[in-house]
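Each chain, letter by letter, is given below.
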Amino acid sequence: MNTEKVTARRLTAEDISELGLQDSIFVSAGMDGLPLDCYAPAFLTKPGVNFEGGVFTARTVFGEEVHVLPGNTEEGGIWVADKAGEEIEVLRSAGVLLNLALFVPDGSKESLDSLYSAAREAFGAGVVQRWSEEVVSVPDVKVDLYEEPARARKNSSQNRDRRALDIYPTRVRFLEPSEGWKFVLEPHKEIVDDTPTI
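Residues numbered from 1 in each chain as written. Predicted model: local features only at pLDDT ≥ 70, side-chain atom pairs only at ≥ 80, totals over all residues. Heavy atoms only, no water.

Participant: It is not clear to me how the overall build of the chain should be interpreted in this structure. Could you clarify?
Facilitator: In terms of regular secondary structure, the chain is built from three helices and ten strands. Along the chain, helices and strands appear, N-terminal first, in the series β-α-β-β-β-β-β-β-α-β-β-α-β. Evaluated residue by residue, the chain yields a buried proportion of 23% over its 198 residues. In the chain, of all internal contacts separated by at least 6 residues, the share reaching a separation of at least 24 is 57%. Carbon and sulfur atoms form 50% of the exposed surface of the chain, whose accessible area is close to 14700 Å². (Helix = DSSP H or I, 4+ residues; strand = E, 2+ residues; numbered from the N terminus. Buried < 20%, exposed > 50% of the residue type's maximum accessible area, 1.4 Å probe, protein only. Contact = heavy atoms within 4.5 Å. Areas by Shrake-Rupley, 256 points an atom, 1.4 Å probe, with all protein chains shown as cover.)

See the structure below:
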């Protein structure tokens, strides 16, 4: 997490009502509801004059939506850059969390350890972590994945949507069917194109 000191001043509700969508502001930073002890660059979701009830909504550059009541001194408030203001800590960049499932052909403990070591060397020992490890033998077969309605009427031709062709069964475990649909797996069949060519 990289932060920098920025000189800014806290805005009142009247100040905020004069802001537009293009005005750069700072609001309390947080990720998935977890507040951080700093601020994030943001923009209002609509012009300040269009907000009612004293609660303003801003979207940070990291995609988080924040609701702010400027009059509440217990909240972080909304700030704008101002050389005559006070110093605040601003979040400039954040990392990306990756959940990876790796397919290692002829995978052995040695190859997994060397892969882990290489990742730690590239990104830093404190960054790359194994949260859970599951070694699963993957057969060299592929399946075709379809979706069907979960509650189809009897004696009616079922609608079937192709989700993925030529996919490994272990990858299906990380997919979720559409709402109201269920997965159907079938052995992969090569598509033969019988279109005559000239």
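Participant: Can you walk me through the side chain of D144 in this structure?
Facilitator: By the element assignment, D144 lies in strand β8 (residues 143–149). In this structure D144 is buried but unpaired, with K189 as the nearest side chain of opposite charge at 6.9 Å. Polar side-chain contacts of D144 include one of 3.3 Å to the backbone nitrogen of K189. (Lys, Arg positive; Asp, Glu negative; His and termini not counted. Salt bridge = Lys/Arg side-chain N within 4 Å of Asp/Glu carboxyl O. Polar contact = N/O pair within 3.5 Å; in protein donor to acceptor, adjacent residues only side chain to side chain.)

Participant: Just checking my understanding: could you explain the packing of aromatic side chains for this structure?
Facilitator: Counting across every chain of the model gives two aromatic pairs. A cation sits over an aromatic face here: K46 above F51, 5.0 Å from the ring centre. (Phe/Tyr/Trp six-rings, centres within 6.5 Å; stacked < 30°, edge-to-face > 60°. Lys NZ or Arg CZ within 6 Å of the ring centre and 35° of its normal.)

Participant: What should I look at first to understand the pattern of salt bridges in this one?
Facilitator: One side chain can pair with another of opposite charge once the charged atoms of both are near each other. Taken as a whole, this structure holds six salt bridges when the rule is applied. One salt bridge connects D82 with R9, and the closest N-O pair in it is separated by 2.7 Å. With D82 in the loop between β6 (78–81) and β7 (86–93) and R9 in strand β1 (residues 2–10), the pair connects residues that are 73 residues apart, well separated along the chain. For D82, a relative accessible area of 23% gives the class partly exposed. Via salt bridges that share partners, R9, D15 and D82 belong to a single interconnected network.

Participant: Please clarify how helix α2 (residues 109–123) should be interpreted in this entry.
Facilitator: A turn of α-helix holds 3.6 residues, and therefore any two residues three or four places apart point the same way. The terminal C-alpha atoms of α2 lie 21 Å apart, and with 15 residues this matches the ideal 21 Å at 1.5 Å per residue to within 8%. The positive-phi residue at the C-terminal boundary of α2 is G124, with phi of around 110°. (Expected span 1.5 Å × (residues − 1).)

Participant: Just checking my understanding: could you explain the environment of E186 for this structure?
Facilitator: Its place among the elements puts E186 in strand β10 (residues 181–187). Taking the C-alpha atoms as reference points, E186 and D144, separated by 42 residues in sequence, lie 5.3 Å from one another. Residue contacts for E186: discarding those within four places in its chain leaves V143, D144, Y146 and R160.

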